[in-house]
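Listed below, chain by chain, are the residues.
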Amino acid sequence: MAFAAAIAMAGCDAQPGSEPSAASPAPAASSAAPAADAAASKACADIKKAVKDNADKIAVAEKIGPPAGHIAVSAQWTAGSASVIAFSIGANGPVGAAADKVQQEMAALADAYDSATAKPGKEKLEAALKELDAACSAS
């Protein structure tokens, strides 16, 4: 999980020797809403695509069967979780919060598959995905 957080934070530090730019607040305020909406729309599209791609890969990994299949599925849930983090960067508050819930549930499924004797349920992930859909629709 720390690896996923490190991926998400990569590139967030200011470049050495760079100084924060001083932009006038009036133009930023007037253009912030369309930019935020565009960022949220892009984040939503990218996250939904990543979740679908991840589900396809998990379906393949589940066919392997336990115990090796559980390891493969766990690894794929972790990879999917990291992609949700990456694609949610720059999204507005509601979309970012909903994406965070999706990411957390994907990470929880990864953990569950590590010690699973049976296939863990996805109800919490499905609920988090519904919240993401609602946040994306509202953005």
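Since the model is a prediction, treat every value here as computed from it, not as a measurement.

### Quick word on the confidence of the model for the protein chain
Predicted coordinates in areas of low pLDDT are best not read in detail.
Okay, step 1: Summing up the model confidence of the protein chain, the mean pLDDT is 80 and the portion of residues at 70 or higher is 73%.
Okay, step 2: Predicted confidence in the protein chain is weakest over helix H1 (residues 2-9), with a mean pLDDT of 38, and strongest over helix H5 (residues 123-138), with 95.
Okay, step 3: Counted against residues more than four places away or in other chains, residues 1-31, with its pLDDT under 50, gives seven contacts.

### Comments concerning the state of the cysteines
Okay, step 1: Under the counting rule described, the total for this entry stands at one disulfide.
Okay, step 2: Disulfide partner of Cys44: Cys136, at an S-S distance of 2.0 Å. A torsion of -95° about the S-S bond marks the disulfide between Cys44 and Cys136 as left-handed. Of this pair, Cys44 sits in helix H2 (residues 25-62) while Cys136 sits in helix H5, and the two are 92 residues apart along the sequence.

### Concerning the environment of Ser88
Okay, step 1: Relative to the helices and strands, Ser88 is located in helix H3 (residues 68-88).
Okay, step 2: Assessed through its relative accessible area of 17%, Ser88 is described here as buried.
Okay, step 3: Sequence separation between Ser88 and Gln103 is 15 residues, and the spatial gap between their C-alpha atoms is 9.7 Å.
Okay, step 4: Look past the residues within four positions of Ser88 in its chain and what remains in contact with it is Ile47 and Ala99.

Reading the values: rules and limits
- Within every chain, residues take consecutive numbers counted from 1 along the sequence as written.
- At least 70 in pLDDT is required for a residue's local features to be given in this predicted model, at least 80 for side-chain atom pairs to be given and counted, and no such filter applies to totals for whole chains, interfaces and linings, which use all residues.
- To get the side-chain values, all heavy atoms of the structure are used, and hydrogens and water are removed first.
- pLDDT is a per-residue confidence score from the predictor, ranging from 0 to 100.
- Strands here are runs of E lasting at least two residues and helices are runs of H or I lasting at least four, both read from the DSSP assignment and numbered beginning at the N terminus.
- It only takes one pair of heavy atoms within 4.5 Å for two residues to be counted as in contact.
- Counting rule for disulfides: a pair of cysteine sulfur atoms within 2.5 Å.
- Think of it in three bands: with a 1.4 Å probe and only protein chains considered, a residue is buried below 20% of the maximum accessible area for its type, exposed above 50%, and partly exposed in between.

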